[in-house]
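Residue-level structural notes
Chain by chain, the residues run as shown.
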Amino acid sequence: MPELPEVAALAADLRERAVGRVIDRADVAEFSVLKTYDPPLTALRGARITGTARRGKFLDLIAEPPEGAQLHLVTHLARAGWLRWRDAMPDAPPKPGKGPLAFRLRFTDGSGFDLTEAGTRKRLAVYLTTDINQIPGVASLGPEPLDASFTPEVLAAILGGRRTQIKGVLRDQKLIAGIGNAYSDEVLHAAKMSPFRLASSLSPQEIADLHAVIVGTLREAIDRSDGLAASDLKKEKKAGLRVHGRAGEACPVCGDTVREVSFADSALQYCPTCQTGGKPLADRRMSRLLK
Ligand SMILES: [Zn+2]
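Below is a summary of the structure that appears in this document. Source: prediction; values computed, not measured.

1. Here's the deal with the environment of Arg15
- On the secondary structure map, Arg15 appears in helix 1 (residues 4-18).
- Owing to a relative accessible area of 38%, Arg15 belongs among the partly exposed residues under this scheme.
- For the pair formed by Arg15 and Met1, sequence separation is 14 residues and the distance between their alpha carbons is 21 Å.

Written out as structure tokens, the structure reads:
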């Protein structure tokens, strides 16, 4: 799933390619991905792209129509969605079907991009709105971790009194925007902290350290993906991860074997030596099944 650094890179790549171009048409190939109906997609016709932005994991394409209010074409790529730029689009609108294509935007010069997601049940979401804060998932976002206003004190207020596991807090979009399953694993590994620590149990020093690691990890990932085209981002993300998705491999810090444990609706990866005093975490789901 693309998280803050990848969506930031997608926004930068799209800014480079799309600003100044004029929209010919926007079409859905899978109707369930379009979450708004007013304004309709036809409102984009003739609109000029003036910029791109990111909020949390949402990608915002800003368009000025010939008349009327500025439009925001907002995309959330969910778990498996992706954006593919194309220099030459077919003239005909896409046919709804079973393929990976979910949404297509075509500019008047024939270029454009596809939003794709493998599988029949698509989770990626597209919104067209005049006010990005009307999108419920955007309105409820927590603070942006790379904003100057995200201070250690702000993090302390988020964690304070919260008797839930730190892993869940880090990837909760309502508490902090843009961090998902991958970067929460990376942050906790870099902070040498157990993913199961209770948020409320962190000392002021641990909170200050965690804050520095959050900012540092995200900045590093953004620097790595800076200037990369959308097509190269996934490879770069995977190459930069130290523990996430690397169960069974050696920890690059200490050489111990990276382990995996179920967490919420998926799994997390961590290094026992770096993070949990050498002791593997109990897999609750597994032990429940064995009882
Ligand atoms: Zn380690």
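2. Side note on the sheet that holds strand 4 (residues 71-76)
- Read across the open sheet, the four strands follow the order 2-3-4-8; overall the sheet is antiparallel. Two strands bound the open sheet, and with one partner strand each, they are strand 2 (48-55) and strand 8 (125-129). Sheet twist, expressed as the mean angle between neighbouring strand axes with direction ignored, is 20°.
- Here strand 4 pairs with strand 8 via five bridges, running antiparallel.

3. Some details on the coordination of the zinc ion
- Within the protein, Cys251 (SG), Cys254 (SG), Cys271 (SG) and Cys274 (SG) serve as the donor atoms for the zinc ion, at 2.2 to 2.3 Å.
- Its four donor atoms give the zinc ion angles of 97 to 114° at the centre, a pattern that matches the tetrahedral case.
- Donor residues for the zinc ion, ordered by position in the chain, follow C-x2-C-x16-C-x2-C. Of the two residues, Cys254 sits in the loop between helix 7 (230-240) and strand 9 (259-263) while Cys274 sits in helix 8 (residues 272-275), which places them 20 residues apart along the sequence.
- Taking relative accessible area as the criterion, Cys254 reaches 35% and is therefore assigned partly exposed.
- Residue class for Cys274 comes out buried when judged on its relative accessible area of 9%.

4. Things to note about the packing of helix 3 (residues 152-159) against helix 6 (residues 204-225)
- At a minimum axis distance of 9 Å, the contact between helix 3 and helix 6 shows a crossing angle of 110°. Looking at the two axes, helix 3 sits roughly perpendicular to helix 6. Crossing geometry of helix 3 relative to helix 6 is assigned as right-handed. Here helix 3 contributes Pro152, Leu155, Ala156 and Leu159 to the contact with helix 6, which in turn contributes Ile207, Leu210, His211 and Ile214.

Cut-offs used in this document
- Residues numbered from 1 in each chain as written.
- Predicted model: local features only at pLDDT ≥ 70, side-chain atom pairs only at ≥ 80, totals over all residues.
- Heavy atoms only, no water.
- Helix = DSSP H or I, 4+ residues; strand = E, 2+ residues; numbered from the N terminus.
- Buried < 20%, exposed > 50% of the residue type's maximum accessible area, 1.4 Å probe, protein only.
- Pairing = 2+ DSSP bridges.
- Axes fitted to C-alpha atoms, helices over the stretch in contact; angles between N-to-C directions.
- Donors = N, O, S within 2.8 Å, 3.2 Å for Na, K, Ca; no water.
- Tetrahedral: all angles 85-135°; square planar, octahedral: opposite > 155°, others 65-115°.
- Parallel < 35°, antiparallel > 145°, perpendicular 65-115°, else oblique.
- Left-handed = near helix turned anticlockwise from the far one by under 90°.
- Contact = heavy atoms within 4.5 Å.

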